[in-house]
Each structure stands twice: as C-alpha cells, then as structure tokens.
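Spelled out, the chains give:
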Amino acid sequence: MKKKKILLLSDDCRMHSGIATQSLEFILGTIHHFDWVQVGAAINHPDNGKVIDMKEALEKEHKITDGSLKIYPSSGYGNEHMLREIMAIEKPDAILHFTDPRFWVWLYQMEHEIRQNIPIMYYNIWDDIPDPLYNENYYRSSDMLMAISKQTYGINKRILSDYEDWQIKYVPHGVSSKRFTKLPPADLKLLEMKKQLGVDKKNFNILYINRNIRRKQPGDFILAYKYFMDKLTEEERKDCSLLFHASPVDDNGTDVPAVARTLCPDYPVIFTHGVQGFAPLNGEGMNILNNIADVYMNIASNEGFGLGSLEALTCGTPIIVNVTGGLQDQCG
C-alpha cells in the first residue's frame, strides 16, 4: 500500500534547535510508515527558496533506502501562498505543525480551506497554568492535538472538553538511544574531551546546557553553585567544576562570566564556548558532554519540556529540575 504523506511545519530538521531535533526524531522514527515533506523554518535561512531532496542524505547518514523526505527551506514559518503552492505540488495527506501557535496565525486563518480536504494535527505544549483560554481558537483550528507534556494534555482536555478521546493524545518528546547512550568511563573520546575541558582530574562535574535567556535563570544557576561549593571542604572543592555550555553573554540573558567573577571567583566555572576548537558540538559531541557530567541541572522558571534533561537521562546522568512543564514528566 502506498505510504501516506505528511507535511510538517516546524524548524528545519537539519538545524539544532529543540524543535528541529525533535522534528528529525519523529521523521526518522516513522519514515518507514510515512513520506515526509517539511517547510523548514530558520531565521534568515541560507537555503530560502530552494527545494532540498534528502534521499541521498537518508541513505548515507541513516542507512534508510526506502524513505522520502523533501525540505522547502523558509526564512520564518512560511505563509499561505507558500503553503498553497506546496500542497498543489506535493498533495499531502495531512499537515502537522509544531511550536508556539502565534507563529501560525496565517495557518489558522485558512484552516477552513485546508480542512475540507486534509486534516491538521498540532504537536503542542504549554508550560504553565492557569489554562490558556486565549488559545482555544488555535486549538480548535486543528483536528487532533498531540500534547508533549501531561500538563499540556490536561490543559487540552479541559479547554476542549467536547473533543473525542482520539483527538487529544499524550505524545511526549523522545530521544533516540542511537544518539544518546551511556559510555564506559575508559572511552577514549570521553577521556579526550575531559582533558580538552580541563576536568580530567575532577570527580564531580555539574552541567548547564540551556540558552542564556532570563527564564532559564543562568545567574541563579551560578548562585546555586556558589552555595553548594561554600558547604564543601577545601579538598572537596578541588574535585568539583561547573561546565556552562551556552553563549556566555546574551542580550536576552546576562553576562554569566561577570556573574561568576562576582559570586564565586575562586570556584571553577568552565565556559565551553571559550575552549579552543570545542563548540559547536555535533550529536556525538553532545553525547560525550552529557557523559562527562555527574549531574545535569535545569532550574528554568518556565520550561515547556526540557530536552536537555531528557538527553542527560538517556546517558544515565542524574538531573535536578524545577517543577514546571514537561520537566515534571521526567521525574516520575
């Protein structure tokens, strides 16, 4: 039987945002069931206006010989004219859109036109209560909602109490164990990265992998590290370090090196972006970094899901997280 074709509207699956990496996860995880077409969004996309056939890349990188993935790169999340053209060419059987509903207002404004022929599915998340009643019309513009967190599932069910059970499903993020896995302590690449970061003599490494933005609370993270180190003996402190894997300075966040110099000038804070030849890391590199860590911490005030902590867990690294959004799902 001919495979159904799904048109995905999200971040370009070749990029490195959480939305992009998860888009790639469920494309690769279901490509034996479905053919995929994507409107691949990015800010000032270098391939804007092109059409990229990923058949050769699927075969070379993932050993997939019977899969179909075509990407229409877009600077931004597309528009109604682009969608009509792609629908006419590709003739998809369904549309799946993913990320904040405010990026898709143009899609909702034409939902009556689309849904006469094909259904719209929304892979959605909301990171806090009270229930966002102002999202109701966005939700109702979709035939099916897949909630990334249990909290979102509850929100969807309460706001759309008249929807049938099949229309609202709990579908959490997943991380492939082919990309993230626990490494043996004697792994050569692991030892090499430890030496590169200067933590080869350390026995306890705390890891920050998040954007440097206000709601991720990077300054509070440094303060928590100071309080922790203050309680240790001088000998114990020699065994500890903090690995900060994010932009050290960001207009949307703070000047983290300045915070570290002020709060804990005598405690090691290693900014990976400043290590020669270290960042950015590919998937293998991120796996090694998560294996170097003895604990991963995310104290964001609001977090939709927290992909970094799930990746750490997949490597067998314990996590410390706030009670918010999908972080709760990862702690039982």
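Refer to the structure presented above.
To start, this report covers the structure provided alongside it. Bear in mind that the values here come from a model prediction, so they are computed numbers and not experimental data.

## Some points on the overall build of the chain
From N to C terminus, the chain includes 13 helices and 13 strands. Taken against the 2.2 N^0.38 rule, which gives 20 Å for 332 residues, the C-alpha radius of gyration of the chain at 22 Å falls within 12% of a compact globule. For the chain, the proportion of its 332 residues judged to be buried stands at 50%. Accessible surface, the chain: about 16900 Å² in total, of which carbon and sulfur atoms supply 53%.

## Focus: the pattern of salt bridges
Using the criterion set out here, one finds 22 salt bridges in the structure. The shortest N-O distance in the salt bridge between Lys70 and Glu90 comes to 3.2 Å. Here Glu90 lies in helix 3 (residues 80–90) and Lys70 lies in strand 4 (residues 69–75), a separation of 20 residues in the sequence. Its relative accessible area of 7% is what places Glu90 among the buried residues.

## Here we look at the sheet that holds strand 4
Through backbone hydrogen bonds, the strands of a sheet pair up, either in parallel or in antiparallel fashion. Judged by pairing direction, the sheet is mixed, and its 8 strands sit side by side in the order 3-4-2-1-5-6-7-8 without closing on themselves. At either margin of the open sheet sits one strand with a lone partner, and together these are strand 3 (52–53) and strand 8 (168–170). As paired strands, strand 5 (residues 94–98) and strand 6 (residues 120–124) are joined by 4 bridges and run parallel to one another. Paired with Phe98 across the two strands is Tyr123, which belongs to strand 6.

## Overview of the sheet that holds strand 9 (residues 204–209)
What the 5 strands build is an open sheet, ordered 11-10-9-12-13; its pairing is parallel. Pairing within the sheet leaves two strands with one partner each, and these edge strands are strand 11 (269–271) and strand 13 (319–321). The sheet shows a mean angle of 25° between the axes of neighbouring strands, taken without regard to direction. Bridge count between strand 9 and strand 10 (residues 240–245): 6 bridges; the pairing is parallel.

## Considerations on the pairing of strand 2 (residues 34–42)
Burial within strand 2 is extensive, with 8 of its 9 residues counted as buried. In terms of strand pairing, strand 1 (residues 4–11) meets strand 2 through 8 bridges, oriented parallel. Within strand 2, the residue paired with Lys4 across the bridge is Phe34. For the handedness criterion, the β-α-β arrangement of strand 1, helix 1 (residues 18–30) and strand 2 is classed as right-handed. As judged from the 7 bridges shared by strand 2 and strand 4, these two strands associate in the parallel manner. Its bridge partner lying in strand 4, Trp36 is registered against Leu69.

## Re unusual backbone geometry
Trans peptide bonds make up most of the peptide bonds, and negative phi angles are found at most residues other than glycine. At the junction of Ile129 and Pro130, the peptide bond is cis and its omega measures out at 10° in the coordinates. One can find Pro130 in the loop between strand 6 and helix 6 (136–140). Its identity as a non-glycine residue notwithstanding, Asn44 has a phi of 50°, on the positive side. Here Asn44 shows up in the loop between strand 2 and strand 3. We classify Asn44 as exposed; its relative accessible area is 64%. If you check the backbone angles, Lys91 has positive phi at about 50° while not being a glycine. Note that Lys91 resides in the loop between helix 3 and strand 5. Taking relative accessible area as the criterion, Lys91 reaches 59% and is therefore assigned exposed.

## Quick look at helix 3
For helix 3, the set of buried residues is Met82, Leu83, Ile86, Met87 and Glu90. Looking straight down helix 3, one finds that the buried residues subtend no more than 130° of arc, so they occupy a single side. The outward face of helix 3, more than 90 degrees from its buried face, is lined by the exposed residues His81, Glu85 and Ile89. Packing partners of the buried residues in helix 3 comprise strand 1, strand 2, strand 4, strand 5, helix 4 (105–109) and helix 5 (111–114). At the N-terminal end of helix 3, a side-chain oxygen is found 3.0 Å from the backbone nitrogen of His81, two or three residues along, and the residue is Asn79. Positive phi shows up at Lys91, right after helix 3, with a value of about 50°.

## Side note on the environment of Ile6
The residue Ile6 is located in strand 1 in this model. Judged by its relative accessible area of 8%, Ile6 falls in the buried class. Between the C-alpha atom of Ile6 and that of Lys63, which follows or precedes it by 57 residues, the distance is 21 Å.

Reading guide: rules and limits
- Residues numbered from 1 in each chain as written.
- Predicted model: local features only at pLDDT ≥ 70, side-chain atom pairs only at ≥ 80, totals over all residues.
- Heavy atoms only, no water.
- Helix = DSSP H or I, 4+ residues; strand = E, 2+ residues; numbered from the N terminus.
- Rg over C-alpha atoms; globule rule 2.2 N^0.38 Å.
- Buried < 20%, exposed > 50% of the residue type's maximum accessible area, 1.4 Å probe, protein only.
- Areas by Shrake-Rupley, 256 points an atom, 1.4 Å probe, with all protein chains shown as cover.
- Salt bridge = Lys/Arg side-chain N within 4 Å of Asp/Glu carboxyl O.
- Pairing = 2+ DSSP bridges.
- Axes fitted to C-alpha atoms, helices over the stretch in contact; angles between N-to-C directions.
- Right-handed = clockwise from strand over helix to strand, strands pointing away.
- Arc of directions from axis to C-beta.
- Contact = heavy atoms within 4.5 Å.
- Polar contact = N/O pair within 3.5 Å; in protein donor to acceptor, adjacent residues only side chain to side chain.

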